[in-house]
Amino acid sequence: MSAILDSLADTIAEQLRARGETVVVAESSSGGLISAALLGVAGASAYYLGGGVIYTAKARFALLDIPREATAGMRSSSEPYALLLARSIREQFGATWGVSETGAAGPTGNGYGDAAGHTCVAISGPIETVVTLETGSPDRRANMEAFAAAALDLLDRGLAAAG
């Protein structure tokens, strides 16, 4: 795990434990790095309820039970889709916070026309927000880490704002 992911996860874990709050994760092109960072902190069972790598439409339905109708007119790797994932997993687990990430790690773009290095990350909880990140890089591993860092940073900022 990178020092950046470790540092963000430590800060988030401290805040979640102090507040008695919980988090769940639905990630795609970060490949489990968001969850791995949160689980890398000792005592994670106090705040981490679960998560999954929602890499395909089949996984979205099987793991999150999001019907096709809910995504009508929506494409993955978009802000509305990222927010839907964060809300859905939060509601399904009854967590305080839901975190999601959906993008194109590379080395090529995705079938929706997004370039490698494109992702959308969202949080849903006391505060909801979503952002798009464009790294401009085809480096798959570097993008995966950047995507995970962006999601954790968004959660950290959400926790601070929700105070």
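Calculation notes
- Note on numbering: residues in each chain are counted from 1, in written sequence order.
- Owing to the predicted nature of the model, reporting of local features is limited to residues with pLDDT of at least 70; listing and counting of side-chain atom pairs is limited to 80 or more, with chain, interface and lining totals taken over all residues.
- To obtain the side-chain values, all non-hydrogen atoms of the structure were included, while hydrogens and water were left out.
- Salt bridge, as used here: a side-chain nitrogen of Lys or Arg that lies within 4 Å of a carboxyl oxygen of Asp or Glu.
- Here a helix means four or more residues in a row that DSSP labels H or I, a strand means two or more in a row labelled E, and each is numbered from the N terminus.
- For the exposure calls, accessible area comes from a 1.4 Å probe over protein chains only, and a residue counts as buried if that area is under 20% of its type's maximum, exposed if over 50%, partly exposed in between.
- For two strands to count as paired, DSSP must find a minimum of two bridges between them.
- Axis definition: a line fit to C-alpha positions, over the contact stretch in the case of helices; interaxial angles, taken between N-to-C directions, run 0 to 180 degrees.
- Every residue pair with non-hydrogen atoms within 4.5 Å of one another is taken to be in contact.
- Roughly parallel here means an angle under 35 degrees, roughly antiparallel means over 145, roughly perpendicular means 65 to 115, and every remaining angle is called oblique.
- Crossing handedness is defined as follows: a turn of the near helix away from the far one that is anticlockwise and smaller than a right angle gives a left-handed crossing, while the clockwise case is right-handed.
- Only Asp, Glu, Lys and Arg are considered charged in this grouping, and only Ala, Val, Leu, Ile, Met, Phe, Trp, Tyr, Cys and Pro are considered nonpolar; every other residue, Gly among them, is considered polar.
- Here, the arc refers to the directions that run from the helix axis to the C-beta atoms.

(A) Spatial organisation of the pattern of salt bridges. All chains considered together, the criterion is met by five salt bridges. The residue Asp114 makes a salt bridge to Arg75 at a minimum N-O spacing of 2.7 Å. Of this pair, Asp114 sits in the loop between β3 (97-104) and β4 (118-124) while Arg75 is found in the loop between α3 (57-64) and α4 (79-93), placing the two residues 39 residues apart along the sequence. For Asp114, a relative accessible area of 10% translates into the label buried. Here Glu128 ties to Arg87 by a salt bridge, and the two come within 2.7 Å at their closest N and O atoms. One end of the pair, Glu128, is in the loop between β4 and β5 (129-134); the other, Arg87, is in helix α4, with 41 residues separating them in the sequence. Judged by its relative accessible area of 34%, Arg87 is partly exposed.

(B) Local environment of the sheet that holds strand β1 (residues 23-27). Spatial strand order, β2-β1-β3-β4-β5: five strands in an open sheet with mixed pairing. The open sheet has two free edges, formed respectively by β2 (48-53) and β5, since each of these has just one partner strand. Between one strand axis and the next, the sheet turns by 10° as a mean value, whatever way the strands run. The sheet contact formed by β1 and β3 spans five bridges and is parallel. Directly across from Ala26, in β3, lies its bridge partner Ser100. Taken strand by strand, α4 contacts β1, β2, β3, β4 and β5, and its axis lies near 145° from that of β3. Of the strands in this sheet, β1, β3, β4 and β5 touch helix α5 (residues 140-162), which is tilted by about 30° from β4.

(C) Spotlight on the packing of helix α1 (residues 3-19) against α5. It is at 10 Å that the axes of α1 and α5 come closest, and there the two elements cross at 30°. When the interaxial angle is binned, α1 and α5 end up roughly parallel. Handedness of the crossing formed by α1 with α5: left-handed. On the side of α1, the interface is formed by Ile4, Leu5, Leu8, Thr11, Ile12, Gln15, Leu16 and Arg19, while α5 contributes Glu145, Ala148, Ala149, Leu152, Asp153, Leu155, Asp156, Leu159, Ala160 and Ala162. A class-by-class count of the residues in the contact of α1 with α5 yields 12 nonpolar, two polar and four charged.

(D) Unusual backbone geometry, seen in detail. The amide bond that connects Gly106 to the next residue, Pro107, takes the cis arrangement and shows omega of 15°. Counting through the fold element by element, Pro107 comes out in the loop between β3 and β4. The backbone phi angle of Asp65 is positive, close to 55°, even though this residue is not glycine. With respect to the secondary-structure elements, Asp65 resides in the loop between α3 and α4. Accessibility expressed as a relative area gives 52% for Asp65, which makes it exposed.

(E) Here's a closer look at α3. Within α3 the residues assigned to the buried category are Ala59, Arg60 and Leu64. Seen from one end, α3 has its buried residues packed into an arc of 105°, which puts them on one side. Across α3 from its buried face, at more than 90 degrees, point the exposed residues Lys58 and Ala62. Where the residues of α3 are buried, they touch β1, β2 and α4. Where α3 terminates, the next one or two residues include Asp65, which has phi positive at roughly 55°.

Shape is all these values report; function is a separate question.
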